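Chain by chain, the residues run as shown.
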Amino acid sequence: MTIKRIRVWDLPTRLFHLLLILGVLGALFTVYASDELMDWHGRIGLFLLSLLSWRVIWGFVGGHWSRFKHFVEHPKAAWQTLQNHRTGKRDPSIGHNPLGAWSVVIMLCAFLLQALTGMCSDDEAGFSGPLTQNLSSDWVERATWYHSEIGQPLIWVLLGLHVVVVFYYRWRLQEDLITPMVTGDKDWETTDFIAESKDTWGLRIAALALFCALSGAIFYAFAI
Ligand code: HEM
Ligand code: HEM
């Protein structure tokens, strides 16, 4: 067996993860710290909406292991991964494992829904999302209810689980998922061919251009 260094996470995916962490922390800080910061909550929310929309598109055109078709498997595979963890018959995956893949999909959907319902929410204290003008008060009430009563606890649970699981892999299962999310590479023991994520400067610039186009359109349409 030889050990090969495989590029798993392209730079745009790694930056996406870093900016997502900073953005989510910023959105939470601005909402809990003071009512005065709600405008900033909205702006950071729009930034997160741009970032998440970018990740959905990157899931179709990005580096090999960032593409949904290369990591999302049938839920049975996720169940099997959970069983294998219980019986100790683990088989590490080069990209997201089938269980992690579903957690990624669920997190992306939950954060997207949080940002979209935020756009339709009203705090009744002087700040409202830019779509509230186009909606009836019933829909604004429903969106606000979802954003604070369902979305808020949901994102806390998902964040808690995510971080606990990542550290569980690190300390209990001796599988370091964090270093590859920082450096992009995994050292993999194999003699077989393993696909790598393309991570050229051309692709990185295309990723940046896509993000600028998305965020430009979102901020232009919904300036807060
Ligand atoms: C606000 C906090 C966070 C959010 C919203 C978040 C969200 C995500 C998302 C959406 C992914 C999928 C990446 C992709 O394929 O595009 C991911 C992966 C990952 N995250 Fe986080 N994350 C957060 C914090 C953290 C922290 C604090 C750590 C480390 C201590 C971490 C470690 C990882 C790792 C290692 C992966 C890759 C997992 C794998 O190899 O399957 N995350 N995260
Ligand atoms: C993923 C991005 C977002 C996250 C994580 C997030 C998170 C939160 C949280 C935790 C609250 C506190 C709810 C409470 O205390 O009851 C909140 C409230 C609020 N957010 Fe967001 N938000 C996001 C995006 C947005 C966006 C894009 C907008 C509008 C442009 C927005 C508008 C609001 C409003 C109006 C409230 C007050 C709701 C109320 O008073 O019940 N949010 N948000």
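No experiment lies behind these values; they were computed from the predicted model shown.

Asker: What is the right way to look at the site of ligand 1 in this model?
Answerer: In the vicinity of ligand 1 lie 20 residues, with Val24, His96, Gly100, Val104 and Leu177 positioned nearest. Among the secondary structure elements, those contributing two or more residues to the shell around ligand 1 are α1 (11–33), α4 (98–119), α5 (137–171) and α6 (178–183). Considering each element in turn, the shell around ligand 1 owes the most residues, six residues, to α1. Taken together, the residues of the shell around ligand 1 sort by class into 13 nonpolar, six polar and one charged.

Asker: Would you take a moment to explain unusual backbone geometry for this structure?
Answerer: The phi torsion at Glu124 lies on the positive side, around 55°, for a residue other than glycine. Within the secondary structure layout, Glu124 lies in the loop between α4 and α5. Among the residues examined, Glu124 registers 9 C-beta atoms within 10 Å and is labelled exposed. One non-glycine residue with positive phi stands out, namely Gln174, at about 55°. Counting through the fold element by element, Gln174 comes out in the loop between α5 and α6. Overall, the presence of 8 C-beta atoms within 10 Å leaves Gln174 in the exposed class.

Asker: Teacher, can you tell me more about the site of ligand 2 here?
Answerer: Inspection of the region around ligand 2 gives 27 residues, with Gly45, Gly118, Asp123, Gly129 and Ser148 positioned closest. The set of elements that each furnish at least two residues to the shell around ligand 2 consists of α1, α2 (38–61), α4 and α5. With six residues, the single largest contributor to the shell around ligand 2 is α2. Split by residue class, the shell around ligand 2 holds 13 nonpolar, twelve polar and two charged.

Asker: What is the right way to read the nonpolar core from this model?
Answerer: Most often, soluble globular proteins keep nonpolar side chains buried together rather than apart. Within the largest apolar cluster, 19 residues are counted, with the highest numbers of intra-cluster contacts made by Leu48, Leu49, Leu51, Leu52, Trp54 and Ala115. Elements with a contribution of two residues or more to this core: α1, α2, α4, α5 and α7 (201–221). Ranked by residue count, the leading element in this core is α2, at eight residues. Leaving out residues up to four positions away in the same chain, Ala115 has contacts with Gly45, Leu48, Leu49 and Leu52. Counting six residues, the second-largest nonpolar core is a separate cluster that includes Ile6, Val8, Trp9 and Phe71.

Asker: Which parts of the structure should I look at to understand the packing of α4 against α5?
Answerer: If you want to describe how two helices pack, look at the angle between their axes and the distance between the axes. Axis separation between α4 and α5 bottoms out at 9 Å; the angle between their running directions is 150°. Considering the angle they form, α4 stands roughly antiparallel to α5. In the packing of α4 onto α5, the handedness of the crossing is left-handed. For the pair α4 and α5, contact is made by Ser103, Ile106, Met107, Ala110, Phe111, Leu113, Gln114, Thr117 and Gly118 and by Ala143, Tyr146, His147, Gly151, Leu154, Ile155, Leu158 and His162, respectively. Looking at the contact of α4 with α5, its residues break down into ten nonpolar, seven polar and no charged.

Asker: What is the right way to look at the packing of α2 against α4 in this model?
Answerer: Two numbers describe how α2 lies on α4: the axes approach to 9 Å, and their chain directions differ by 140°. Taken as axis vectors, α2 and α4 run oblique relative to one another. Here the hand of the crossing between α2 and α4 comes out left-handed. When α2 is examined against α4, the residues Gly45, Leu48, Leu49, Leu52, Arg55 and Val56 are found in contact with a partner set consisting of Leu108, Phe111, Leu112, Ala115 and Gly118. Looking at the contact of α2 with α4, its residues break down into eight nonpolar, two polar and one charged.

Here is what the cut-offs are and how they apply
- Residues numbered from 1 in each chain as written.
- Chains lettered and ligands numbered in written order.
- Predicted model: local features only at pLDDT ≥ 70, side-chain atom pairs only at ≥ 80, totals over all residues.
- Near = placed C-beta within 6 Å.
- Helix = DSSP H or I, 4+ residues; strand = E, 2+ residues; numbered from the N terminus.
- Nonpolar A, V, L, I, M, F, W, Y, C, P; charged D, E, K, R; others polar.
- Buried ≥ 20, exposed ≤ 12 C-beta atoms within 10 Å, placed from the backbone.
- Core = buried A, V, L, I, M, F, W, Y, C linked by C-beta atoms within 7 Å.
- Contact = placed C-beta atoms within 7 Å.
- Axes fitted to C-alpha atoms, helices over the stretch in contact; angles between N-to-C directions.
- Parallel < 35°, antiparallel > 145°, perpendicular 65-115°, else oblique.
- Left-handed = near helix turned anticlockwise from the far one by under 90°.

So far we have only geometry, and geometry alone does not tell us how the molecule works.
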